[in-house]
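Observations on the three-dimensional arrangement
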Amino acid sequence: MPGLPLDYAIRNLGRSPSRLLLTATGSGLVVALVIGAGGFINGMQQALRTSGSERNVILIGIGSEESIERSEIPMSTPTIAAASIPDVVSHAGTSAVSPEIHTALEIETETGGKTNAMIRGVRPSAFLVHENANFIAGRPPRRGMNEVAAGQLAIRTLGYVGPSEAVGGEISVDDTTFVISGVIAADGGVIEGEIWMPLSDLLVVSQRDTLSCVVARLESTDVSGTEAFTSSRLDLELLATRESDYYASLAAFFRPIRIMVIATAIMVALGGVVGGLNTTYAAFASRVREIGTLQTLGYSRGAIVRSLIVESVLAAAIGGLVAAGLCIWLLNGVAIDFSMGVFGLNIDSGVLAIGLASGLGLGVVGAMMPAVRCLRLAVPEALKAN
Amino acid sequence: MSLIECRQLTRTYRRGDQEITPLRDLDLDIEAGTFLALMGPSGSGKTTLLNLLAGIDRPTSGSLVVDGREIHHLSRGALAAWRASAVGYIFQLYNLVPVLTAYENVELPLLLHRISRKERHRRVAAALDLVGIADRSDHLPRQLSGGQEQRVAIARAIVTDPTLILADEPTGDLDRESAVSIMDLMARLNRDLGRTIVMVTHDPKTTEWCDSVLHLEKGRLAEAEGEATTPMASESNLESEDVR
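Now for a description of the structure that goes with this document. (Residues numbered from 1 in each chain as written. Chains lettered and ligands numbered in written order. Predicted model: local features only at pLDDT ≥ 70, side-chain atom pairs only at ≥ 80, totals over all residues. Heavy atoms only, no water.)

1. Some remarks on the interface of chain B and chain A
Where we set the bar: Whether two residues touch is decided by their heavy atoms; if any such pair falls within 4.5 Å, the residues are in contact. Buried area: the sum, over both parts, of the accessible surface (1.4 Å probe) that disappears when the two are put together. Should a side-chain nitrogen of Lys or Arg be within 4 Å of a carboxyl oxygen of Asp or Glu, the pair is scored as a salt bridge. Polar contacts here mean pairs of N or O atoms no more than 3.5 Å apart (in protein, one a potential hydrogen donor and the other a potential acceptor; neighbouring residues in sequence count only if both atoms are side-chain atoms). Put simply, DSSP H or I for four residues or longer makes a helix, DSSP E for two residues or longer makes a strand, and each gets a number counted from the N terminus. Just so you know the grouping, Ala, Val, Leu, Ile, Met, Phe, Trp, Tyr, Cys and Pro go in nonpolar, Asp, Glu, Lys and Arg go in charged, and all remaining residues, Gly too, go in polar.
In this complex, chain B contributes 24 residues to the contact, which on the side of chain A involves 23 residues. Both faces considered, chain B and chain A share a buried interface measuring about 2,200 Å² in area, 65% of it formed by carbon and sulfur atoms. The interface formed by chain B and chain A holds 1 salt bridge in total. With a shortest N-O distance of 2.5 Å, Glu104 of chain B and Arg11 of chain A are connected by a salt bridge. Remark: the boundary between chain B and chain A carries 6 residue pairs in polar contact (both at pLDDT 80 or more). Looking at the side of chain B that touches chain A, the element that brings in the most residues is helix 2 (residues 76-86) of chain B, giving 5 residues. Looking at the side of chain B that touches chain A residue by residue, the classes come out as 15 nonpolar, 3 polar and 6 charged.

Now the structure itself:
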C-alpha cells in the first residue's frame, strides 16, 4: 500500500524547531563522537602500520623489547653491526645502519608553551634506513649548529600551521634553543610526530653516552643473519627484532585502548539513543490524534511508522551531515600526542560512512520504538487524544 | 438489501477489572442514500457504533455488513484498505494535518489509490469546489476559520467517492452560522449526490437536515424516527437557537 508523501515527513520537521535542534544536535554529537573515535583508531593504526619496514631490523638492549626509549646499548654497536651483519644495504660505500637515541623530553615552543615531544637523535645514515622519511620543507639539521628537523605532525603540536611557517622556527630543549631547519613527512608513520636532532647534539642534551638502538636496512626481509650476529655477540646484550614486528607489537599493546575507545563510543551512542527516544516520543506523542486520523483515512500502521522513521532519519541526517562536515574541517589530521608518539586523526571515507551510518541508525532506532508505542493506541482512543 | 446490516452487534471493553459494554446486541439496517442521525446521551454507544461502521473499531460479537462486505471478518490491513475506499470520515475537530495545505489534506486519501497525478488534481479541485473552498486551497489549516476547516474536512471525506460518509458531531465545534452552512452542505451531498451519511450529534436542531434519527440508550436502540423531519432545513431553522 502506498505511503505518506515525503513532503509530510519533511514539513513535520519544522513543527517544533527546538525538538529538531535537539534531535539534530544529539545525532550530530553521536556522529562526531563515532567519527572522532574512528579517526583516532584509524590514525593510530595507520601510524603504526606505516612505521615499520619488514626490511629494517632494530637492535635493542635485551629486556627493552617493549620500549625503545628504555633501551641502552653501547656506542660501538653500529660499527660492529655494519661489519658483522651480512646483508646490510650499502649506498655508495655507506652502510644503511642508523644509530639512534629515542627519548621523550619537555620542549618549549616559541610562544612559551611547554609540551613533551619524542626526540630522535640520528645521523645522516638515518635517511638511508628510513626510506620513507623525506623533507617536504627545508633541509636536514647540521650537527653542532643547534638545528633540528620536525615531523609534519610535530610542527602542529608546536603551533605551526604549515611546513613553510615552521622552517626557521625555534624550540628550546633544556634551555638550549634549536632552529627548525626542515620538516619531514613519512607516509603518516610515527616519524611525522617526532623531532629529529643530530645524534651528537642529543647525546649532550640528554647527557647520555649510550644509544637506544641501531636500525639497519637489509637487502631482504630475512633477519636470520642479524639474529646470528646478536647470538654470537652476547657481550653486547642485543636483541634483533624486525621493525615491522616491533610496531605490530606496539599495535597489539594499544589494542585494549582501541577497544576502550570503541566501547566508550558505543556507550555514548546508546546514551544518545535513549535521549533521542525521549525527544522523539515527545514529538510523536503530541501527534497521536493526527496519527489516529491518518489511520482512519486508511493509512496502514506500517506506512505511518515508515513516515515517522523517515522524519526521524531526516532530522538525524541533518545533524549527522553537519557533524561530519565539522569533523572533516576541524578534526581530520589533528595531531594527537599519545604515549607511542604523535599521530594524526585519520578521518577517511570508511570512518565517515560508519559515523553517518550510526547517526542514521540512531534516527531509525530512535523513531521505531516511539512510533510503535504511539501506534499501539487503538484508533478510537487516539482520536480522543489531546 | 440494506447498505448497512448490523446483527447482534456488541462491543465490550475491559478497563481494569471492569467490563464496559457501550453497545449491546444491536440489530440495525441502514438503507443506501439515507441521512441518518444517531442521538443519545453520553455513553449511549453512538460513537462506538460510528467507530464500528468506520472500521476503526471491531465488534466483540455480532456481524457488520457494509455494502455486502462482512467487515467484522477483515484483517487489520484489509480493514485499512477498505476504509480508504469505502469510508469518508468527518471529525468534530476537523483533524486536518496542520503541515499540509487544504489541497494536500484533501489529496491525502487519494494517495492511497493508484490514480494519476492529473486525475488526483481533478478530483481534489472538484471536491474543494463542491464545498466552496477552492479559493483557499493553498492555505494551511491554521489560516482557515473553523467552518472553512470543516469544509476542507468534508472535501477530504468525499474525494474518494466513498460508499459511506460518517460524521462525528461535525458542527460540535462551530458557531451557529458555520454549523448551518455545514449542515446545508451535508444535506446537499445526501440529496444531490445520493451519499449515505451517518452522523452522531447531540444537537436536536441538526437532525432537521436528516431523514432518519436513531436514539441510542445504554448501548441499545431506544427509538427510531422514520423519515427525515426536515431534509431541506434552511438557515432560518436555526437562527433562533444556538446549535451547540
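2. With respect to the pattern of salt bridges
Residue and element names in this part refer to chain B. Going by this rule: To sort residues, take the accessible area from a 1.4 Å probe on protein chains only and compare it with the maximum for the residue type: under 20% means buried, over 50% means exposed, and anything in between is partly exposed.
If you walk through the whole model with that rule in mind, you get 22 salt bridges over all chains. Of the charged contacts, one joins Arg11 and Asp57 as a salt bridge, the two residues approaching to 3.0 Å between their closest N and O atoms. You can see Arg11 sitting in strand 1 (residues 4-15) and its partner Asp57 sitting in the loop between helix 1 (46-54) and strand 4 (61-66), a full 46 residues away along the chain. By relative accessible area, Arg11 is classed as buried at 15%.

3. What about the pairing of strand 8 (residues 196-200) of chain B?
All names here are of chain B. To keep it simple, the criterion reads: Here a strand pair is declared whenever DSSP counts at least two bridges between the two strands.
The buried count for strand 8 comes to 5 of 5 residues, which makes it a mostly enclosed element. By the alternation rule, side chains of strand 8 split into Thr196, Val198 and Val200 and Ile197 and Met199, which are all buried. Where strand 3 (residues 35-39) lies against strand 8, 4 bridges are found, and the strand directions are parallel. Of the residues in strand 8, the one forming a bridge with Leu36 is Val198. Alignment of strand 7 (residues 164-168) against strand 8, held across 5 bridges, turns out to be parallel. Paired with Leu166 across the two strands is Val198, which belongs to strand 8.

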